[in-house]
Amino acid sequence: MANVILRPDWVLPESACTTKVAYTNRRKFIQALGLGSIGFAAMGGCSAESRGMVDGPLDKIPKNAPRDGFPAPRNESYQVPEREITERLVASSYNNFYEFINQGDLKNVWPLVDDYKPFPWTLEVRGQVAKRQTWDLEELIKSMPLEERVCRFRCVEAWSMTIPWTGFPLAKLIERCEPKSSASYVKFTCVSRPDQLPGQKRATWYPWPYFEALRMDEAMNELAFVAVGMYGEPLPKQNGSPLRLVLPWKYGYKGPKAVTRIEFTRRQPGTFWNELQPREYGFLSNVNPNIPHPRWTQASEKFLPSEGVERRIRTQIFNGYDEWVGHLYPDEPRTPSGPIVR
Ligand SMILES: Nc1nc2c(c(=O)[nH]1)N[C@H]1C(S)=C(S)[C@@H](COP(=O)(O)O)O[C@H]1N2
Ligand SMILES: [Mo]
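Below is a summary of the structure that appears in this document. All residue numbers refer to positions counted from 1 along the written sequence of the respective chain. Written order determines the labels here, with chains lettered from A and ligands numbered from 1. Thresholds applied to this predicted model are a pLDDT of at least 70 for local features of residues and 80 or more for the giving and counting of side-chain atom pairs; totals over whole chains, interfaces and linings are not thresholded and use all residues. Computation of side-chain values: all heavy atoms of the structure, hydrogens and water removed.

**With respect to the overall build of the protein chain**
Counting from the N terminus, the helices are the DSSP runs of H or I reaching at least four residues and the strands are the DSSP runs of E reaching at least two. In terms of regular secondary structure, the protein chain is built from 8 helices and 12 strands. Only protein chains enter the accessibility calculation, which uses a 1.4 Å probe; a residue whose area is less than 20% of its type maximum is buried, one above 50% is exposed, and one in between is partly exposed. Residues classed as buried in the protein chain amount to 58% of the 342 residues present. Considering only residue pairs separated by 6 or more positions, the protein chain has 74% of its internal contacts joining residues 24 or more positions apart. For the protein chain, the computed accessible surface area is about 14800 Å², with 51% contributed by carbon and sulfur atoms. Whether two residues are in contact is decided by their heavy atoms: any pair within 4.5 Å suffices. The Shrake-Rupley method, run with a 1.4 Å probe sphere, supplies the accessible areas, and residue values consider only the shown protein chains as cover.

Below is the structure:
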């Protein structure tokens, strides 16, 4: 699973050379040497910018992504004082996005995204609502006040990052959908474009498109966020352009990327990973150090602050957001328990 190469002794410390073009040229250089992997990037030298070699993880923001409202003001209610913000390069080059599954190297998504052209994009509103609607995403983003939130991000595979997201509260979007009182759950369906998404074409054993769901009280919690950007810019394709959910108290897979439809339902919908592996991936999937995954502990996680660096840290209940969401889950174990799936 998570597999980040530790920085070897001989690698130079990161200096001023962390701009996108500098990175790009280092990468080209590394590729030319046949070393390939991202862990060996600090080769120094910021000189080659003028050559215009731009093809790296930071260059995968769609050119026609709307930029109104960027960079958005930071909402200081969301901070992660005990951890540093993960380097942008790491967050843009170590990903999970099975629509682009890269055989043998699952995390290396960004080299496969070039055929994916997200815009124009529509968001459909269906199910238990006053009326069905279909919105143009660019219009929708323009009409929402964007903010930045720095949040912990924890994958079920026990690695984590700290990411500054740009977007708006999910509750604001749900209000616009005008759900009926019969709406008890909200389901999110992701993009279906096999011609642009090599994983959908190749990995036919998955029940595409990706889908996820929340209870309404979870979805309306102020911590639930719709991200349209990160690090002050629109989302790169590998991070879920043009919009994704960010649910910082849940494992990463509960946050669908490239969402195209929101549907309100009376009954609990199925979810992608739960249908594939119900014994390992529950509906709630809150970050909880007391509930081990059947195949590994969740009591600690590998924090990925910067390229080639990893640090083992303790996992916090609800990923440190107990104050926000603890009251939603009276049954969640507060002390270590066996491998139950919730
Ligand atoms: N559509 C879609 N959304 C998805 C996934 C996916 O494969 N497809 N992977 C999930 C998982 S397992 C994680 S950890 C996060 C990863 O987000 P990141 O690559 O931006 O860190 O996206 C989640 N959302
Ligand atoms: Mo994940």
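**What to know about the packing of aromatic side chains**
Here is the rule: rings of Phe, Tyr and Trp (six-membered ring for Trp) pair when centre to centre is within 6.5 Å. Planes less than 30 degrees apart are stacked, more than 60 are edge-to-face, and the remainder are tilted. Scanning the model with the defined rule gives 21 aromatic pairs in all. With centroids separated by 5.8 Å and ring planes inclined at 90°, the aromatic side chains of Y98 and Y206 adopt a geometry described as edge-to-face. Placement of the pair is Y98 in the loop between α2 (88-91) and β1 (122-127) and Y206 in the loop between α5 (198-202) and β6 (211-215), with a sequence separation of 108 residues. Here Y206 falls in the buried class, since its relative accessible area comes to 15%. Taking 5.4 Å as the distance between ring centres and 35° as the angle between the ring planes, the aromatic pair formed by W208 and F272 counts as tilted.

**Structural notes on the site of ligand 1**
What surrounds ligand 1 is a group of 16 residues, the closest being Y98, E99, R244, G255 and K257. Within the contact set of ligand 1, an oxygen atom lies 3.2 Å away from a backbone nitrogen or oxygen of N96. Polar contact criterion, stated in full: a pair of N or O atoms within 3.5 Å, where within protein one must be able to donate a hydrogen and the other to accept it, and residues adjacent in sequence count only if both atoms are side-chain atoms. Within the side chain of R244, one N or O atom sits 2.6 Å away from an oxygen atom of ligand 1. To be near a molecule or strand, a residue needs just one of its heavy atoms within 4 Å of it.

**Focus on the nonpolar core**
Judged by nonpolar contacts, the single largest core of 93 residues is most densely connected at W165, L170, L173, W249 and F264. Sequence-distant contacts of L173, defined by excluding residues within four places in its chain, comprise L123, W135, L140, M144, F168, V226 and I262. Nonpolar cores were defined as sets of buried Ala, Val, Leu, Ile, Met, Phe, Trp, Tyr and Cys residues, with membership established by side-chain atoms within 4.5 Å.

**Overview of helix α4 (residues 170-177)**
Residue pairs three or four apart in sequence face the same way in an α-helix, which turns once every 3.6 residues. Burial in α4 covers these residues: L170, A171, L173, I174 and C177. Down the axis of α4, the sector holding all buried residues measures 160°, keeping them to one side. In the stretch just after α4, E178 is the one whose phi turns positive, near 50°. This arc is built from the directions going out from the helix axis to the C-beta atoms.

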